[in-house]
Structures are given as structure tokens and as C-alpha cells.
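What follows is each chain in one-letter form.
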Amino acid sequence: MSALASLASLASRGSRGSRENKAGKRAGADVRRYRLGLAGRYATLLLMLVIMLGPIVWQFLTSIRGRTENVYDGVLPSQPTLDNYVRVAESFPLFQYVGNTLTVAVLAITSNMLFAAMGGYALSRAAWKGRKIVFTVLVATLMFPFESVMISMFLTVREMGLVDTLIGVWLPGAVSVLNIMIMRSAFLAVPKEVEEAAVLDGANEWTRFTRVFLPAAKGALAVVCITSFMGAWDDFLWPLLVLTNSDNYTLQLGLKTLAGATTVSDQRIIAAGAMAALIPMMLLFFALQRFFFKGVGEGAVKT
């Protein structure tokens, strides 16, 4: 009996050891698959980073190359200089165009933050008949490209006497439907209990809007601020239609004249001008990025 017990014990240990060995192999395979998947994700992110930032880095390196350097000779400039940025300011009225663009951008930021917040609140918290119909119509307008309505917009602006003015450039972008949707979703995320407590404390509609909902949607407001600035700063087609006097040109139109000027054929100057237009957007994003990523979660469009 003792011999049989010993054989059974050995068989049991052998079976258990085999199971543990198989489990160890499976665990090792899982670890290898995890590491391969992680490496694949990082490789994909690195590729996306190169694709997205590669042209910007190349443009910056071109903008700091010396006059005697070949633009396509190597990656890093051998004679880095900031003289090209000075030449940009000398080639066309850079600061005047920057001032015009800032005027339009500030107006766009102010109006979008104000009207988008008010519209988002009306569509999310205020009770009135037809709210769902208006919301559906607004969402439907997002499907129409700008090119399909720009002629009617131009005719409207012309009838208002705003052609060749900065107000005419700003007016069509005074409020964006997408920004209204962002603010609506941010306000919907505020718990009803908070609003009910404000009502019990005697807060009226305007007080609840300014003291309760706006502070709770700071992240969404940052998103609206950044998108409004980028839309106004980077717009080219609409200012091209509205503006005729070069004194009212925005920066993008000014860069187009710089690139098309017969007296300016140096790619270094064109790259420096493009970087001068890009730097303000980058600075604004880095300044508000903490609120931006918070606002993306707050203002995710919901139905």
C-alpha cells in the first residue's frame, strides 16, 4: 500500500508540475504578446508624430538657414540665423497684418465664448417649446460645407456694407454651431442637484448661468477659445473674398502675397513668414492645454 501511495503521490506531483509548466508558458506568451502590442502602439504613435510634426520641424529649420545654404542640403542648418525673420518684416507690413488678424481673432473669441455659452445653456437647461427641433436643425447645419453657403454669405455682407472691413471678416464666424454643441454638452454634465440647490437659494436664471454653470464649464470655454482663435487666425478663403484693400489684409492673405511676390523667391523668407503665423497658435495652445484636455471631456458632443 505504501508503494501505491508513493506512486500516486509522484503522479500527482508530476501532473501538478505539468499544469504549472503549461501555466508558466501561457503567462510567458501573454507577456510577449503584451510587449509586442505595446511596442506596436509606441511605433504607431512615433510614426504619427513624425507625420504631423515633420513638416513643421522642416519648415522651422528652413526658416533659420543662412542665405548661402542650400535649402535641401541636409537636415540641420550649418549656419543657423534669425535674419530671415527680420527680412520677413522688411518684405511686407507684417505687424500691420498681425494687428488686423488679432483684431478679428479677439472679436471671434469674445463673441463665440459669449454666444456659444448662452446658446448651449438655452439648449441644455432652459425649458422652452421647440428646443429639440432647434437642436436638430443646428446639428443638421454641420453637414453643409462652408463653400456651399459662402456666396450667400458674401451677398449678405455686401448688402450690409461690410465688404473690405474687418467686421465683415469676423461676422460670419461670430458664433460656431460646433462651439454651441460643446457648451451644451458641458452644461448637461452639471448635476441637476447643483441647479436645484441654486434654485432653493433664490438664484434666478441669469445668476445660475453666471455663478453655477459657467464656472463648471471652464474647460469647455478653453476649447471654444482655442478653436475660435485658430479658425479666425488661420482663415484664408473668406478674407480673400471680402477684403480688397491691402491695408486690411489678414496675416494669411499677407503671406500669400509674400509667397507670390516676384521680388521674393527665397524659400527661407516664406518659411519664416509661415512660422510667424504658426507661433501664436502654438503659444495659445500651450498656455491653455490643461484646460483644453479637460474641456474635451466636458464638451464631448452628446445627443
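Use the structure listed above.
Quick caveat: nothing in here was measured; it's all calculated off a predicted structure.

Participant: When you look at the environment of A217 in this model, what are you seeing that I'm missing?
Facilitator: Summarising the element assignment, A217 is placed in the loop between helix 9 (205-216) and helix 10 (218-233). With relative accessibility at 0%, the residue A217 sits in the buried group. For the pair A217 and V190, spaced 27 residues apart in the sequence, the C-alpha separation amounts to 8.6 Å.

Participant: Honestly, the nonpolar core in this entry has me stumped. Any pointers?
Facilitator: With 35 residues, the main nonpolar core has F92 and L251 as its most contacted residues. Those elements that provide at least two residues to this core are helix 3 (94-124), helix 5 (150-159), helix 6 (166-170), helix 10, helix 11 (237-242), helix 12 (251-260) and helix 13 (267-298). Broken down by element, this core gets its largest block of residues, 7 residues, from helix 13. Setting aside chain neighbours within four positions, we find F92 in contact with Y97, G254, L255 and L258. Membership of the second largest hydrophobic core comes to 23 residues, among which are F135, I182, A186 and A198.

Participant: How should helix 5 be read in this particular structure?
Facilitator: Three or more residues of helix 5 are buried, namely M150, M153 and V157. The buried side chains of helix 5 occupy one side of the element, clustering within an arc of 60° when seen end-on. Residues I151 and E159 are exposed on helix 5 and point more than 90 degrees away from its buried face. G161, located one to two residues past helix 5, shows a positive phi value of around 75°.

Cut-offs applied
Residues numbered from 1 in each chain as written. Predicted model: local features only at pLDDT ≥ 70, side-chain atom pairs only at ≥ 80, totals over all residues. Heavy atoms only, no water. Helix = DSSP H or I, 4+ residues; strand = E, 2+ residues; numbered from the N terminus. Buried < 20%, exposed > 50% of the residue type's maximum accessible area, 1.4 Å probe, protein only. Core = buried A, V, L, I, M, F, W, Y, C linked by side-chain atoms within 4.5 Å. Contact = heavy atoms within 4.5 Å. Arc of directions from axis to C-beta.

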